Amino acid sequence: MTDIRADELRPNSLEARDKASVVHGLTNLRRHLDVGPKIIDSGKGVWVRDLEGNEFIEGMSGLWCISLGYGERRLIEACRKQMEKLAYYHLTNGRSHQPVIELAEKLIEIAPVPISHVWFANSGSEAADCAARLCWYYWNAAGKPERRKFIAHRKAYHGNTIASASLSGVDYAHDQFNLPLDGFLHVGCPDFFSGAETGESEAAFTARLLHDVEALILREGPETIAAFFTEPIMSAGGVIVPPEGYFAGLQALLRKYDILLVVDEVVTAFGRTGEMFGTTTMGLEPDLIVCAKGLSSAYFPISAVMINDRVFDAMLAQSDKLALFGLTMTYSGHPVGSAVAREAIRIYEDDGIVERVRRLEAPFLDGLRRRLGGIDIVGEIRGRGLLAGVQLVESREPRRFFAPERRIGPACAAEAERNGLFVRAIGDTIALCPPLVIDEAEIGMLIERLAISIESVAGTL
Ligand SMILES: Cc1ncc(COP(=O)(O)O)c(C=O)c1O
């Protein structure tokens, strides 16, 4: 009897029905048919509960998104009220509605750099895709249609539509999907810990990477480059915080060659790094800012592209020529999403979420360093605010990484799950991105559950 799987005994279970009907992203599809799903049934604050009633600390805010935690009454009410009043309207042919106007005004007010107008979409991928198209539109308006290429970092994640996956610097989004598209170029990730050569200083590493960026620009021809896309901190790349001076040097190059800068704040916006925007934390001066996820705290799919004067003026000039701006989507600026996002920003402000993150940064990051720093296989703990990466290594000195096929990171994440904590393994980096409403006691539990999980895996090596 022991080799008969539970769903064969219970053919109508949710697990069996999932396996028979649902396709899961970033999942080994064949293995999924064996092991089945973990079904999450409910959530409250930073806690989620599965079908069996087991409780987990949501150490990743789902997919880096449910910043205000589960069961937030104000967001639920904002959603209900807007659904009752006007469940849908669009922005096409000049139509509008109050929620989207109020949201756009608020985003312009809190933007980290001067912003002229806001374009709305439904996901981070769509917004990154739209940002790329706006860059092309801009250069066509400027009479430089040959500026068509984009540069982004290896390991960066900008989404999974055709253009945003092309921007992403990860093989899994490209392999067998015929991507990246031509003209989507990638440069080295500013990951000092993993990318530095033996004995190389941080300054020398930074100079080497910037030299490589400039060499690529010159090789391709500066007159062919439309924009550079970057996250302030490369979250899905393994929570990579670029070294001091990297972004200053990069922006000097972009100014020198007149290349637009698009900052992807899908994870970092709305308090995550201890400022309202990661742009401020990392000293960036973008032309376009992409945000999603925390915009509505994931209570409704909505994303935004914040557009500066330079780009918006060109959009005006272009639509003068063409008699219309040809980008549209049925759910762009959805009134329910707009109302929920506006309320989310009210909560970030009313509840002092940015100050809260600043206050919790030390208990979180120093607490991780204190408790995990002594474990042999922990090589580095990095992050900002309530965003952290715990890098696992086979040996600290000399620095040696685990062979990827040993899957040490995923083993630690699986052990954490057995210990009641959801984290994400990005290779051998354990990513942490808890809801911003987490309290100090919960941070302590998160750290302890992660520590015993890593210790347990380390003990088997
Ligand atoms: C930095 C960044 N950009 C874009 C995206 C894509 O967002 P979405 O999954 O909403 O399409 C993600 C998703 O994780 C992300 O982390």
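Reading the values: the criteria
Positions within a chain are numbered from 1, following the residues in the order the chain's sequence is written. For a predicted model such as this one, the threshold for reporting local features is a pLDDT of at least 70, and the threshold for listing and counting side-chain atom pairs is 80 or more; totals across whole chains, interfaces and linings nevertheless cover every residue. Only hydrogens and water are set aside; all other atoms, that is, all heavy atoms of the structure, feed into the side-chain values. Domain start and stop positions are those given by an automatic or database domain assignment. Any two residues whose heavy atoms approach within 4.5 Å at even a single point are treated as in contact. Using a 1.4 Å probe, buried area is obtained as the accessible area two parts lose upon being combined, added over both of them. In what follows, salt bridge is the name for a side-chain nitrogen of Lys or Arg lying within 4 Å of a carboxyl oxygen of Asp or Glu. Residue proximity to a molecule or strand is established when one non-hydrogen atom of the residue lies within 4 Å of it. A 3.5 Å cut-off defines polar contacts: any pair of N or O atoms within that distance qualifies, except that in protein one atom must be a possible hydrogen donor and the other a possible acceptor, and neighbouring residues in sequence count only when both atoms are side-chain atoms. Here the open area of atoms and residues is found with the Shrake-Rupley method and a 1.4 Å probe, where only the protein chains shown may cover a residue. For this scheme, ten residues count as nonpolar: Ala, Val, Leu, Ile, Met, Phe, Trp, Tyr, Cys and Pro. Four count as charged, namely Asp, Glu, Lys and Arg, and the remainder, Gly too, count as polar. Planes of paired rings set the category: under 30 degrees apart is stacked, over 60 is edge-to-face and the rest tilted, where pairs are Phe, Tyr or Trp rings (Trp by its six-membered ring) whose centres lie within 6.5 Å. Starting at the N terminus, helices and strands are each numbered in turn, a helix being any DSSP run of H or I of at least four residues and a strand any DSSP run of E of at least two. Only protein chains enter the calculation, and the probe is 1.4 Å; a residue is then buried if its accessible area is under 20% of its type maximum, exposed if over 50%, and partly exposed in between. To define axes, lines are fitted to C-alpha atoms, for helices over the stretch in contact only, and angles between the resulting N-to-C directions are given on a 0 to 180 degree scale. By the definition adopted for this analysis, an angle is roughly parallel if under 35 degrees, roughly antiparallel if over 145, roughly perpendicular if from 65 to 115, and oblique otherwise. Two helices crossing with the near one rotated counterclockwise from the far one by less than a right angle form a left-handed crossing, whereas a clockwise rotation gives a right-handed crossing. Expected span of a helix: the number of residues minus one, times 1.5 Å. Arc, as used here, means the arc of the directions from the helix axis to the C-beta atoms. As a per-residue measure, pLDDT tells how confident the predictor is, with possible values from 0 to 100. In this analysis, strands are considered paired if DSSP registers two or more bridges between them. Residues belong to a common nonpolar core when they are buried Ala, Val, Leu, Ile, Met, Phe, Trp, Tyr or Cys residues joined through side-chain atoms within 4.5 Å. What counts as a disulfide here is a pair of cysteine sulfur atoms lying within 2.5 Å.

**Q** Whenever I open this one, the domain arrangement of the protein confuses me. Can you help?
**A** Often the size quoted for an interface is simply the accessible area lost on bringing the parts together. As assigned here, the protein comprises domain 1 (38–71 + 355–459) and domain 2 (74–350). Using only C-alpha atoms to locate each centre, domain 1 and domain 2 end up separated by 27 Å. Across the boundary between the two partners, domain 1 contributes 33 residues, which contact 29 residues of domain 2. Summed over both partners, the interface of domain 1 with domain 2 buries about 2,400 Å², with 62% contributed by carbon and sulfur atoms. For the domain 1 face of the interface with domain 2, the top three residues by lost area are Trp64, Leu68 and Arg384, together amounting to 27%. Across the domain 1-domain 2 interface, the total number found is 1 salt bridge. The partner of Glu275 in a salt bridge is Arg358, with the nearest N and O atoms 3.3 Å apart.

**Q** Would you take a moment to explain the site of the ligand for this structure?
**A** Taken together, Ser123, Gly124, Ser125, Tyr157, His158, Gly159, Glu231, Asp264, Val266, Val267 and Lys293 are the residues near the ligand. Within the backbone of Gly124, an N or O atom sits 2.8 Å from an oxygen atom of the ligand. Tyr157 places a main-chain nitrogen or oxygen 3.4 Å from a nitrogen atom of the ligand. Here the ligand, which alone exposes 390 Å², has 83% of that area covered by the protein. Across the shell around the ligand, the residue classes break down as 3 nonpolar, 5 polar and 3 charged.

**Q** Quick question: what am I supposed to make of the packing of aromatic side chains here?
**A** Two descriptors summarise a pair of aromatic rings, namely the distance from one centre to the other and the angle between the planes of the rings. A complete count under the given rule lists 15 aromatic pairs for this structure. Pairing Tyr88 with Tyr331 gives two aromatic rings, centres 6.1 Å apart and planes at 80°, and the pair type is edge-to-face. Separated by 243 residues along the polypeptide, Tyr88 in the loop between α5 (73–85) and α6 (98–110) and Tyr331 in the loop between α13 (309–322) and α14 (335–350) bring together distant segments of the chain. Accessibility expressed as a relative area gives 47% for Tyr331, which makes it partly exposed.

**Q** What am I meant to see in the packing of helix α10 (residues 202–220) against helix α11 (residues 246–256) here?
**A** The axes of two packed helices give the description: the angle between them and the distance between them. For the pair α10 and α11, the least separation of the axes is 10 Å and the interaxial angle reads 20°. Between α10 and α11, the angle is such that the two are roughly parallel. The crossing of α10 and α11 is right-handed. Here Thr206, Leu209, Leu210, Val213 and Glu214 of α10 lie close against α11, whose contacting residues are Tyr246, Gly249, Leu250, Leu253 and Lys256.

**Q** It is not clear to me how α10 should be interpreted in this structure. Could you clarify?
**A** Helical periodicity: at 3.6 residues per turn, an α-helix aligns residues three or four positions apart in one direction. Here α10 is 19 residues long and its end C-alpha atoms lie 27 Å apart, about the 27 Å a rise of 1.5 Å per residue gives. Residues of α10 that are buried: Phe205, Thr206, Leu209, Leu210, Val213, Leu216 and Ile217. Taken down its axis, α10 places every buried residue within 130° of arc, on the same side. Opposite its buried face, α10 presents the exposed residues Ala203, His211 and Arg219, each directed more than 90 degrees away. Tucked into the core, α10 has its buried residues touching β5 (149–153), β6 (184–187), α9 (192–195), β7 (225–230) and α11. Where α10 ends, the next residue or the one after it, Gly221, has phi of about 95°, a positive value.

**Q** Is there a simple way to explain the confidence of the model for the protein in this structure?
**A** Low-pLDDT stretches of the model should not have their predicted coordinates read in fine detail. Summary statistics for the protein give a mean pLDDT of 96 and a share of 98% for residues scoring 70 or more. Taking the mean pLDDT of every element in the protein, the minimum, 55, falls on helix α1 (residues 6–9) and the maximum, 99, on strand β8 (residues 260–264).

**Q** Would you mind going over the sheet that holds β7 with me for this structure?
**A** Strands belonging to one sheet form pairs held by backbone hydrogen bonds; the direction of such a pair is parallel or antiparallel. With mixed pairing, the 7 strands of this open sheet are ordered in space as β4-β10-β9-β8-β7-β5-β6. The two strands at the open ends of the sheet, each matched to only one other strand, are β4 (117–121) and β6. Here the average twist between neighbouring strands, direction ignored, is 20°. Direction of pairing for β5 relative to β7: parallel, over a ladder of 3 bridges. Note on β7: the bridge partner recorded for Phe150 is Ala227. α11 rests against β5, β7 and β8 of the sheet, and its axis sits at about 165° to β7.

**Q** Even after reading the chapter, I still don't get the nonpolar core, so can you show me in this structure?
**A** One recurring pattern in soluble globular proteins: nonpolar side chains tend to sit buried together. Ranked by size, the top nonpolar core spans 68 residues in total, and within it Leu107, Phe270, Leu372, Val390, Leu392, Leu450 and Ile454 carry the most contacts. The leading source of residues in this core is helix α15 (residues 353–372), at 8 residues. Counting the residues that make up this core, at least three belong to each of domain 1 (38–71 + 355–459) and domain 2 (74–350). Filtering out sequence-adjacent residues up to four positions away, Ile454 remains in contact with Leu372, Ile375, Ile377, Val378, Val390, Leu392 and Cys412. The next biggest cluster of nonpolar side chains, apart from the first, holds 37 residues, and it includes Val187, Tyr246, Tyr257 and Cys433.

**Q** Just to check I follow, could you spell out the state of the cysteines for this structure?
**A** Each disulfide is one covalent bond, formed between the sulfur atoms of two cysteines. Inspection of the entire model under this criterion finds 0 disulfides. Of all cysteine sulfurs in the structure, the one in Cys130 sits closest to Cys135, which takes part in no disulfide; the separation is 11 Å. In this model Cys189 remains outside any disulfide bridge; the closest cysteine sulfur is found in Cys433, 17 Å from its own.

**Q** Could you clarify how one ought to interpret the side chain of Thr206 in this entry?
**A** Among the secondary structure elements, Thr206 is positioned in helix α10. Residues in contact with Thr206, not counting those within four places in the same chain, are Pro243, Glu244, Gly245 and Tyr246.

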